[in-house]
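Listed below, chain by chain, are the residues.
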Amino acid sequence: MSFLSEANVAENVLALCRSLNENSETAIALDTSLTHSLIFDSMKLVQFFAGVEALYPGVALEDWFIEHSPDGRDTLRSAVSYLMRFLDPQAAKG
């Protein structure tokens, strides 16, 4: 039985963002905003949401994003905190 830690979820989310943003010079850290720092367009956001849902089935970030994106609070740290509210220790694939 593997334990799903916040650090593990954070690393998975960071890795996903890095893979989606591989041609950019922008550094990606937990305090990076998807829209204000990375300037993800609608296609990148859809890819990000789909990637998170592939990693953590049954957890969607769309509601979180709608609430947090207008003022730059759509940080990866915020996304990880949101995910942790819905994940149990058995929920992750990786």
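Described below are features of the structure shown in this document. What you see is a predicted model; the values in this text were computed from it and never measured.

Definitions and limits used
- Residues numbered from 1 in each chain as written.
- Predicted model: local features only at pLDDT ≥ 70, side-chain atom pairs only at ≥ 80, totals over all residues.
- Heavy atoms only, no water.
- Patch = residues over 30% accessible without salt bridge, like charges linked within 9 Å, V, L, I, M, F, W, Y side chains within 5 Å.
- Areas by Shrake-Rupley, 256 points an atom, 1.4 Å probe, with all protein chains shown as cover.
- Salt bridge = Lys/Arg side-chain N within 4 Å of Asp/Glu carboxyl O.
- Lys, Arg positive; Asp, Glu negative; His and termini not counted.
- Charge placed at Lys NZ, Arg CZ, Asp CG, Glu CD.
- Helix = DSSP H or I, 4+ residues; strand = E, 2+ residues; numbered from the N terminus.
- Buried < 20%, exposed > 50% of the residue type's maximum accessible area, 1.4 Å probe, protein only.
- Phe/Tyr/Trp six-rings, centres within 6.5 Å; stacked < 30°, edge-to-face > 60°.
- Expected span 1.5 Å × (residues − 1).
- Arc of directions from axis to C-beta.
- Contact = heavy atoms within 4.5 Å.
- Polar contact = N/O pair within 3.5 Å; in protein donor to acceptor, adjacent residues only side chain to side chain.

**Some thoughts on a negative patch on the surface**
- Judged by side-chain charge, Glu 53, Glu 62, Asp 63 and Glu 67 come together as a negatively charged surface patch.
- Here the element with the most residues in the negative patch is helix H3 (residues 62-68); it accounts for three residues.
- Mapped onto the fold, Glu 53 is located in helix H2 (residues 42-55).
- Classification of Glu 53 by relative accessible area gives partly exposed; the value is 32%.

**Observations regarding the packing of aromatic side chains**
- Counted according to the given criterion, the structure contains four aromatic pairs.
- Ring geometry for Trp 64 versus Phe 65: centroids 6.3 Å apart, planes at 50°, classification tilted. We note that Trp 64, like Phe 65, is buried.
- Ring geometry for Tyr 82 versus Phe 86: centroids 5.0 Å apart, planes at 55°, classification tilted. Here the residue Tyr 82 and the residue Phe 86 both occupy positions in helix H4 (residues 76-86), the gap between them amounting to four residues, near one helical turn.
- Exposure remark for Phe 86: the relative accessible area of 45% places this residue in the partly exposed category.
- Of the aromatic side chains, those joined through ring pairs into one cluster are Phe 48, Phe 49, Trp 64 and Phe 65.

**As for H2**
- Under the 1.5 Å per step criterion, the end-to-end length of H2 is 20 Å for 14 residues, consistent within 8% with the ideal 20 Å.
- Inspection of H2 places Leu 45, Phe 48, Phe 49, Gly 51 and Val 52 among the buried residues, and these make up the whole buried set. In a view along the axis of H2, the buried residues occupy a sector of 160°, so they form one face of it. Opposite the buried face of H2, by more than 90 degrees, sit the exposed residues Ser 42, Met 43 and Val 46.
- In this structure, the buried residues of H2 make contact with helix H1 (6-20), H3 and H4.
- The N-capping residue of H2, defined by a side-chain oxygen 3.2 Å from the backbone nitrogen of Met 43, is Asp 41.

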